[in-house]
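As a plain string of letters, each chain reads:
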Amino acid sequence: MPAAAPGGPVVVSVCVTCKTADGVLAGPAMFDAVNAAAAEHNGSVQVRRVQCLSVCKRPTTVAVSSSDGYTFLFGDLQPEGAVAVMSFVESYRKSMYGLVPWRERAEILRKGMVARLPPLRWSPEDGSAPK
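Parameters and conventions
Residues numbered from 1 in each chain as written. Predicted model: local features only at pLDDT ≥ 70, side-chain atom pairs only at ≥ 80, totals over all residues. Heavy atoms only, no water. Helix = DSSP H or I, 4+ residues; strand = E, 2+ residues; numbered from the N terminus. Expected span 1.5 Å × (residues − 1). Buried < 20%, exposed > 50% of the residue type's maximum accessible area, 1.4 Å probe, protein only. Arc of directions from axis to C-beta. Contact = heavy atoms within 4.5 Å. Lys, Arg positive; Asp, Glu negative; His and termini not counted. Salt bridge = Lys/Arg side-chain N within 4 Å of Asp/Glu carboxyl O. Core = buried A, V, L, I, M, F, W, Y, C linked by side-chain atoms within 4.5 Å. Polar contact = N/O pair within 3.5 Å; in protein donor to acceptor, adjacent residues only side chain to side chain.

**Regarding helix α1 (residues 27-38)**
And then number 1: The end-to-end C-alpha separation of α1 is 16 Å, in line with the 16 Å expected for 12 residues at 1.5 Å each.
And then number 2: Here α1 has its buried residues at Gly-27, Met-30, Phe-31, Ala-33, Val-34, Ala-37 and Ala-38. The arc that holds the buried residues of α1, viewed along the axis, is 165°, so those residues lie on one side.
And then number 3: At its buried positions, α1 is contacted by β1 (10-15), β2 (45-50), β3 (62-65) and α2 (82-94).

**Structural notes on the side chain of Arg-105**
And then number 1: One can find Arg-105 in the loop between α2 and α3 (107-112).
And then number 2: Despite being buried, Arg-105 has no salt bridge partner; Glu-104 is the closest side chain of opposite charge, sitting 8.2 Å away.
And then number 3: Apart from the residues lying within four places of it in its own chain, the contact partners of Arg-105 are Phe-72, Phe-88, Val-100, Arg-110 and Met-113.

**Section: the environment of Pro-119**
And then number 1: Relative to the helices and strands, Pro-119 resides in the segment after β5 (113-117).
And then number 2: Taking C-alpha positions, Pro-119 is 24 Å from Glu-107, a pair spaced 12 residues apart along the chain.
And then number 3: Excluding its chain neighbours within four sequence positions, the residues that come into contact with Pro-119 are Asp-68, Gly-69, Tyr-70 and Tyr-97.

**Regarding the nonpolar core**
And then number 1: One finds Val-12, Val-64 and Met-86 to be the most contacted residues of the largest nonpolar core, which totals 29 residues.
And then number 2: Elements that contribute at least two residues to this core include exactly β1, α1, β2, β3, β4 (71-74) and α2.
And then number 3: Those residues within four positions of Val-12 in sequence are excluded, and the remaining contacts are Val-34, Val-45, Gln-46, Val-47, Arg-48, Val-62, Ala-63, Val-64, Val-85, Met-86 and Val-89.

**Some details on α2**
And then number 1: In this model, α2 (13 residues) spans 19 Å end to end at C-alpha, consistent with the 18 Å of a helix rising 1.5 Å per residue.
And then number 2: All of the buried residues in α2 are Ala-82, Ala-84, Val-85, Met-86, Phe-88, Val-89, Ser-91 and Tyr-92.
And then number 3: Against β1, α1, β2, β3, β4 and α3 lie the buried residues of α2.

**A short note on the side chain of Ser-66**
And then number 1: Here Ser-66 shows up in the loop between β3 and β4.
And then number 2: Accessibility expressed as a relative area gives 12% for Ser-66, which makes it buried.
And then number 3: A distance of 3.0 Å separates a polar atom in the side chain of Ser-66 from the backbone nitrogen of Gly-69.
And then number 4: A polar side-chain atom of Ser-66 sits 3.0 Å from a polar atom in the side chain of Tyr-92.
And then number 5: When near neighbours in sequence (up to four residues on either side) are disregarded, Ser-66 contacts Pro-6, Gly-7, Pro-9 and Tyr-92.

Here it is as structure tokens:
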């Protein structure tokens, strides 16, 4: 693991209030799929329900974060994408600051990218990504 790899558990937050364009509640099914996929990771991944991630036009929405790594926010996900989310988590745990290279992200996550937020405790003066 790189010296600046995120420590502690990786947290996957799943919006359980996401609804499809026709009003069908889709968030709980996404949570169940991500939670099932995370079960293989022996507690190194914490999956939690959140009431809203404010990306209502791109349901369902998932955030991947850690206490000292980047936060990634993805939208337009379906339960089948849970495996891609867990693959991303594995790369996240091995990357400097959780900054997963674009080429290591599944296509569904490349298309579903909403935001990438830097770690709270990291803020270089020039604003560039860590090296």
